[in-house]
Amino acid sequence: MLVHICCSVDSHFFLQRLREDFPEERLVGFFYDPNIHPYGEYRLRLLDVERSCRKLGIELIEGPYDFERWLEAVRGYEKVPEKGVRCEICFDRRFETSAKKAKELGEKRMTTTLLMSPRKSQEQLKRTAERFRREYGVEFVSVDYRSGGGTQRQQEEAKKARLYRQNYCGCMFGLRMQREEQGRLACELFSPVGGETLPGSIEERLEMYEKRLDLEERGISYEIVREKFLNYRLKFGWVRQKKRTVPSYILPYSTMKRRYTKGKVEREVAGVYLFNREEIRFLTLERYNRLAGRAYGSIGALISDPPSMEETFGVRRSIGLGPWDLSPVLVVEEIPEGKLEIFIESEHFPDVREKLVLL
Ligand code: SF4
């Protein structure tokens, strides 16, 4: 039986139940989810499904990540809420490709772990499945492992196996709506110019879950714990003089009360240039290089290959800014004289992230 898999939390318990109920079947997992965005999140969910299938001894096939074709299919339904037409199209595509795969592999039956999700309408899934049974001749096995305490057991299994728990369905449209309802920034959709790993980002999670695989392979004990922290995202910012942009690098956690200010650099204290508004600090690139132990040749080089967050905090500390300090720090090649305009649009917000603790 081909089992379309959407994520490890849904598949780990589901596959075990299928094995109990269909002992004569050889189960083959099929990860086909081009709806998942961004790609880092797709990699993360796949990584955890691979780990789960390995633990259960179930073969897994990865389908194509044809994201652009998926986008094309849902065009016009971007703003439709979950469980609406967009989701029906999304299921159809995943089912259709899974049905084709089942036929290609000579499997007579198929099912999907989407049946586990409380966000999905079982009736909608069954209707779609019936259509493909007629078209592809593959029987859809519709099981209900949610009722009768199934959801609770699924959660217990997920906890026991330390599975990755995503906090949105998968696509950028559902994510954006969910974050709007929560009044939270959709920081999963941020992609920094320099490709650095931002705190609480998908990239950070992916690195952590890859590291845990390595720990497991080496037999090192670990725990995954959650922590609350102050997160930050820079949306947009610039420094201008006489309507010309002054190349600048804005350090993370730089925050302004109002997004825009005008003023000038007033004085220098121990190599740090103080602006007369918004507690803004300027550093020359040369001074920054010395503090960070780097050798950037230009602001452009710094922006395209910025240091890690730890190094940034080190620079902030070395100029006397403690862990709670949100003063803007701007690096420029030379300190501009005269009037400047500064614009910084950023958000800082309480967030939760996971951490690996070695035992
Ligand atoms: S909300 Fe989920 S099911 Fe609906 S279209 Fe997006 S990824 Fe697909």
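Throughout, a residue's number is its position along its own chain's written sequence, starting from 1. Under the rules for a predicted model, residues below a pLDDT of 70 receive no local features and side-chain atom pairs below 80 are neither given nor counted, while totals for whole chains, interfaces and linings still include all residues. Calculated side-chain values reflect all of the structure's heavy atoms, with hydrogen atoms and water omitted.

A.B. asks: Summarise the sheet that holds strand 1 (residues 2-5); cite the residues concerned and give the values.
C.D. replies: An order of 3-2-1-4-5 is seen for the 5 strands of this open sheet, with the pairing classed as parallel. At either margin of the open sheet sits one strand with a lone partner, and together these are strand 3 (59-62) and strand 5 (139-140). Direction of pairing for strand 2 (residues 28-31) relative to strand 3: parallel, over a ladder of 4 bridges. Note on strand 3: the bridge partner recorded for Val28 is Glu59. This element, helix 1 (residues 8-21), spans strand 1 and strand 4 (109-112) of the sheet and lies at about 165 degrees to strand 1. What makes two residues a contact is simply this: any of their non-hydrogen atoms within 4.5 Å. Axis definition: a line fitted to C-alpha atoms, limited for helices to the stretch in contact. Angles are taken between N-to-C directions and run from 0 to 180 degrees. For helices the rule is a DSSP run of H or I covering at least 4 residues; for strands it is a run of E covering at least 2, with both sets numbered from the N terminus onward. Each of strand 1, strand 2, strand 3, strand 4 and strand 5 is contacted by helix 4 (residues 85-105), which is oriented at about 150 degrees to strand 1, the strand it contacts most. Strand pairing is assigned whenever DSSP detects at least two bridges linking the two strands.

A.B. asks: Give me unusual backbone geometry: which residues, what numbers.
C.D. replies: Omega for the peptide link from His37 to Pro38 comes to -5 degrees, which places this bond in the cis form. Within the secondary structure layout, Pro38 lies in the loop between strand 2 and helix 2 (39-56). In the Ramachandran plot, Ala270 falls in the positive-phi region, its phi being about 50 degrees despite a non-glycine side chain. Assignment of secondary structure puts Ala270 in the loop between strand 10 (265-269) and strand 11 (272-275). Residue Ala270 is classed as exposed on the basis of its relative accessible area, which comes to 63%. Working definition: with a 1.4 Å probe on protein chains only, accessible area under 20% of the residue-type maximum means buried, over 50% means exposed, and in between means partly exposed.

A.B. asks: Now, about the pattern of salt bridges: what can you tell me, with residues and values included?
C.D. replies: For this document, the term salt bridge refers to a Lys or Arg side-chain nitrogen within 4 Å of an Asp or Glu carboxyl oxygen. Across all of its chains, the model carries 27 salt bridges by this definition. In this structure, Arg17 and Asp21 form a salt bridge, with 3.6 Å as the shortest nitrogen-oxygen distance. Placement of both Arg17 and Asp21 in helix 1 is noted, with a separation of 4 residues, approximately one turn of the helix. On the basis of relative accessible area, Arg17 is assigned to the buried category, the value being 19%. Owing to a relative accessible area of 38%, Asp21 belongs among the partly exposed residues under this scheme. Arg162 is paired through a salt bridge with Glu223; the nearest N and O atoms lie 3.8 Å apart. In this pair, Arg162 sits in the loop between helix 6 (150-160) and helix 7 (172-182) while Glu223 sits in strand 6 (residues 222-241), placing the two residues 61 residues apart along the sequence. Classification of Glu223 by relative accessible area gives partly exposed; the value is 36%. One salt-bridge network, held together by shared partners, links Glu24, Glu25, Arg109 and Glu139.

A.B. asks: I'd like a description of the packing of helix 3 (residues 67-74) against helix 4, backed by residues and values.
C.D. replies: The N-to-C vectors of helix 3 and helix 4 enclose an angle of 140 degrees; their axes lie 9 Å apart at closest approach. With respect to their mutual orientation, helix 3 and helix 4 come out oblique. Of the two possible hands of crossing, helix 3 and helix 4 adopt the one that is right-handed. Within the contact between the two elements, helix 3 uses Arg69, Trp70, Ala73 and Val74 and helix 4 uses Arg86, Ile89, Cys90 and Arg93. Under this grouping Gly is polar, as are all residues other than the nonpolar Ala, Val, Leu, Ile, Met, Phe, Trp, Tyr, Cys and Pro and the charged Asp, Glu, Lys and Arg. Within the contact of helix 3 with helix 4, the residues separate by chemical class into 5 nonpolar, no polar and 3 charged. Reported orientations rely on four angle classes, namely roughly parallel under 35 degrees, roughly antiparallel over 145, roughly perpendicular from 65 to 115, and oblique for the rest. Working rule for handedness: look at the near helix, and if it is turned counterclockwise from the far one by less than a right angle, call the crossing left-handed; if clockwise, right-handed.

A.B. asks: Got a sec to walk through a positive patch on the surface? Specific residues and values, please.
C.D. replies: What goes into a patch is any residue over 30% in relative accessible area without a salt bridge, connected to like charges within 9 Å or, for nonpolar side chains (Val, Leu, Ile, Met, Phe, Trp, Tyr), within 5 Å. The accessible surface values rely on the Shrake-Rupley method and a 1.4 Å probe; as for residues, cover is taken only from the protein chains in view. His is not counted here, nor are the chain ends, while Lys and Arg score as positive and Asp and Glu score as negative. In plain terms, the charge of a residue is placed at NZ if it is Lys, CZ if Arg, CG if Asp and CD if Glu. On the surface, Lys243, Lys262, Lys264, Arg277 and Lys339 cluster together into a patch of positive charge. Here Lys339 shows up in the loop between strand 13 (329-332) and strand 14 (340-358).

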